[in-house]
Amino acid sequence: MTHLQAGDPAPDFVLHRDDGSIIAKAELIGNPVVLFFYPEDDSGGCTDENQEFSTLSDAFSVRNTFLVGVSPNTQQSHLKFRAKYDLKVPLAFDPDLLVIESFGLWQLKKLYGREFMGLVRTSFIIDAEGNIARIIRATRIKGHAAKVLAALDEVLASDRN
């Protein structure tokens, strides 16, 4: 999996969104952030995941948490993907893999006996101070967004204590 662990400072990142704006870790300090990394726009599992996060986007918002999906796709791919499925979640593109690699998610994968490099589907909850609070590998796509939201609630509850 990733070389990062809960409690580590999240890597610094600057991501470009599909709407042309920029997201930087430094600008997000003060509120929690959820980055969910997914392999590919418009594939079955990635579509399901993005739709589930979109359905729950208001729940993340009322918790003052910035939610963004990150993939190696391009801005144009994200724009088509968002429009096709009416996605509510901001999408960031990282075709050069700079942020994906800094989070340790570009790894050797195996599928049907074939080895290839690819993105390991994982979500990170980053606390208001910029540290990794939770790392949640998406072992099952269905329900992953709800699992991340439940973990966020645990993090927020522990921050209040």
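Refer to the structure printed above.
These figures come from a predicted structure and were not determined experimentally.

(A) A look at the side chain of Ser-57. Inspection of the secondary structure assignment puts Ser-57 in helix H3 (residues 57-62). The class for Ser-57 is buried, based on a relative accessible area of 14%.

(B) Expanded view of the sheet that holds strand S3 (residues 33-37). Taking strand neighbours across the sheet as the criterion, the seven strands line up as S2-S1-S5-S4-S3-S8-S9 in an open arrangement whose pairing is mixed. Each edge of the open sheet carries a strand with a single partner, namely strand S2 (22-24) and strand S9 (132-137). For this sheet, the mean inter-axis angle between neighbouring strands, taken without regard to orientation, is 30°. Of the strand pairs in this sheet, strand S1 (residues 14-17) and S2 are connected by three bridges, and their pairing is antiparallel. Following the sheet pairing, Leu-15 is matched in S2 by Ile-23. In the packing of helix H6 (residues 144-160) onto the sheet, contacts are made with S3, strand S8 (122-126) and S9, and the angle to S9 comes to roughly 160°.

(C) Representation of the nonpolar core within the structure. Core analysis: the largest hydrophobic core is formed by 22 residues, its most contacted members being Phe-53, Phe-60, Leu-67, Ile-125 and Val-148. Among the elements of the structure, S3, helix H2 (44-55), H3, S9 and H6 are those that each provide at least two residues to this core. The contact partners of Val-148, leaving out residues within four places of it in the chain, are Val-34, Phe-53, Phe-60, Ser-123, Ile-125 and Ile-136. By size, the runner-up hydrophobic cluster in this structure holds 21 residues, among which are Phe-13, Leu-15, Leu-97 and Ile-126.

Reading the values: the criteria
- Residues numbered from 1 in each chain as written.
- Predicted model: local features only at pLDDT ≥ 70, side-chain atom pairs only at ≥ 80, totals over all residues.
- Heavy atoms only, no water.
- Helix = DSSP H or I, 4+ residues; strand = E, 2+ residues; numbered from the N terminus.
- Buried < 20%, exposed > 50% of the residue type's maximum accessible area, 1.4 Å probe, protein only.
- Pairing = 2+ DSSP bridges.
- Axes fitted to C-alpha atoms, helices over the stretch in contact; angles between N-to-C directions.
- Contact = heavy atoms within 4.5 Å.
- Core = buried A, V, L, I, M, F, W, Y, C linked by side-chain atoms within 4.5 Å.

By themselves these figures say nothing about function.
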